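Inside the fold
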Amino acid sequence: MTTGPTTAPDPDPADAAEERLRRWRLVLGGDAADGTGHALSGQDSAMDGALTALYGKGDRPQSGRDRAAGLGASAPSVARWLGDIRTYFPSSVVQVMQRDAIDRLGLSALLLEPEMLAAVEADVHLVGTLLSLNKVMPETTKETARAVVRRVVEDLEKRLATRTRATLTGALDRSARVARPRHHDIDWNRTIAANLKHYLPEYGTVVPERLVGYGRAARSVKKEVVLCIDQSGSMAASVVHASVFGAVLASMRSISTRLVVFDTAVVDLTDQLDDPVDVLFGTQLGGGTDINRALAYCQSQITRPAETVVVLISDLYEGGIREEMLKRVAAMKASGVQFVALLALSDEGAPAYDREHAAALAALGAPAFACTPDLFPEVMAAAIEKRPIPVPDTE
């Protein structure tokens, strides 16, 4: 006896409808007017309670049974809530909910307690919040805070370091071509391409009249990079990523890296680049902005302009002298400096920024754009090789 192929039974329409009601009930929050008439139980009820504790039920008065009234700013209840959301939601959702809790419920002060820090899901945004609290953080909390920050930094380094080093090493080799290379430094692909007109068909070969090669970048410092980072509060994620990239660049012997952070004052953190956590705790998120003063300092540190890349990471809201800022950029470019302006160095896209200043920089040949961490190595490689910067399409 033969049997035909089996097929999965069609889903019960009643079950599908029930699942839709369940999902809508979780989305709408259970207000009497949500129209679902669906009651939650078990884990669904616990998930709903965790969401209600943060997002509440609109503007209507809360009843005594609403968990929204129980979160408040109580450390024990927040700690329990943090445990709940890590149980019921994936890590990416937990990070968003933590961020919303800090913004909506004013829970920043609770992060000054070591027990709270140990319970949170660490990410770039949490690091930014901790750095903004650095000055008021008690000594008993700082060790825990540094451990949280280090965990995030190490994860970023694992993600970014290998590709950054590989991309920039290739760019450095290509940028250091010499007219009379040694045999092991000959770039054969480019040599053949440059001498195709000397092809001898009777011998089936190319006679290389001109050799194209490059000196190996690892032997000495070939390029100098200055990272000039705006540490105003809106740039927190960019500060974190830039500090990690600064440490990666500083680990490459062929690149001399300087890291400068600024608000209305300028601080050179180059001597701390061997540990990006030290760099981050040396920043001071918040305050005003004086881009002109920061660029003046960076300009004073440049000794080999033709071999220097300056990366300004800022939303361009200038509190200093606008005309002087633009003159400094123009002067650096005229001297041979490769100048790159990044509105952000993060995965979040372009922040609010000064469009007039961005347009003025673009007119000087320094387009300002938001850059993701994954694109940053390509941007730096293009600057090192003095080729057009790969500006992402923002449309």
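Below you will find a few notes about this structure. (Residues numbered from 1 in each chain as written. Predicted model: local features only at pLDDT ≥ 70, side-chain atom pairs only at ≥ 80, totals over all residues. Heavy atoms only, no water.)

**A word on the sheet that holds strand β6 (residues 255-262)**
Read across the open sheet, the six strands follow the order β7-β6-β5-β8-β9-β10; overall the sheet is mixed. The open sheet has two free edges, formed respectively by β7 (266-268) and β10 (368-371), since each of these has just one partner strand. Taken pair by pair, the neighbouring strands of this sheet meet at an average axis angle of 25°, ignoring direction. Note: strand β5 (residues 223-230) against β6, eight bridges, orientation parallel. Counterpart to K223 in the pairing with β6 is I255. (Pairing = 2+ DSSP bridges. Helix = DSSP H or I, 4+ residues; strand = E, 2+ residues; numbered from the N terminus. Axes fitted to C-alpha atoms, helices over the stretch in contact; angles between N-to-C directions.)

**Some points on the packing of helix α2 (residues 42-55) against helix α5 (residues 91-105)**
Relative orientation and spacing of two packed helices are given, respectively, by the angle between their axes and the distance between those axes. Where α2 meets α5, the axes come as close as 9 Å, and the angle between the chain directions of the two elements is 35°. Only M97, D100, A101, R104 and L105 of α5 make contact with α2, whose side of the interface consists of A50, L51, A53, L54 and Y55. Grouping the constituent residues of the contact of α2 with α5 by class yields eight nonpolar, no polar and two charged. (Contact = heavy atoms within 4.5 Å. Nonpolar A, V, L, I, M, F, W, Y, C, P; charged D, E, K, R; others polar.)

**Examining the packing of helix α7 (residues 124-132) against helix α10 (residues 236-250)**
It is at 8 Å that the axes of α7 and α10 come closest, and there the two elements cross at 100°. Relative to α10, the element α7 is oriented roughly perpendicular. Of the residues in α10, those touching α7 at V124, V127 and G128 are A236, A237, V240 and H241. Looking at the contact of α7 with α10 residue by residue, the classes come out as five nonpolar, two polar and no charged. (Parallel < 35°, antiparallel > 145°, perpendicular 65-115°, else oblique.)

**A few points about the pattern of salt bridges**
Where charged atoms from two side chains of opposite charge approach closely, those side chains can pair. Counted under the stated rule, the structure contains 15 salt bridges. Residue D275 pairs with R150 through a salt bridge whose shortest N-O separation is 3.0 Å. With a gap of 125 residues between them, D275 in the loop between β7 and α11 (276-281) and R150 in helix α8 (residues 139-175) connect regions that are remote in the sequence. The class for R150 is partly exposed, based on a relative accessible area of 31%. Its salt-bridge partner being D268, residue R258 comes within 2.5 Å of it at the nearest N-O pair. One end of the pair, R258, is in strand β6; the other, D268, is in strand β7, with ten residues separating them in the sequence. Assessed through its relative accessible area of 26%, R258 is described here as partly exposed. Overall, the relative accessible area of 23% leaves D268 in the partly exposed class. Each of the salt bridges in this network shares a partner with another, and the network as a whole consists of R159, D347 and D374. (Salt bridge = Lys/Arg side-chain N within 4 Å of Asp/Glu carboxyl O. Buried < 20%, exposed > 50% of the residue type's maximum accessible area, 1.4 Å probe, protein only.)

**Let's talk about the side chain of S243**
Relative to the elements of secondary structure, S243 occurs in helix α10. Given a relative accessible area of 1%, S243 falls into the buried group. The contacts of S243, once residues within four sequence positions are left out, are L259, P276, V279 and L280.

**Concerning the environment of G320**
Summarising the element assignment, G320 is placed in the loop between β8 (308-313) and α13 (322-334). For G320, a relative accessible area of 27% translates into the label partly exposed. Put simply, G320 and R293 are 27 residues apart on the chain and 7.3 Å apart in space, counted from C-alpha to C-alpha. Leaving out residues up to four positions away in the same chain, G320 has contacts with T289 and D290.

**Considering the side chain of N195**
Relative to the assigned elements, N195 resides in the loop between α9 (188-194) and β2 (199-200). Setting aside anything within four residues of it in sequence, one finds N195 in contact with V206, V207, P208, E209 and R210.

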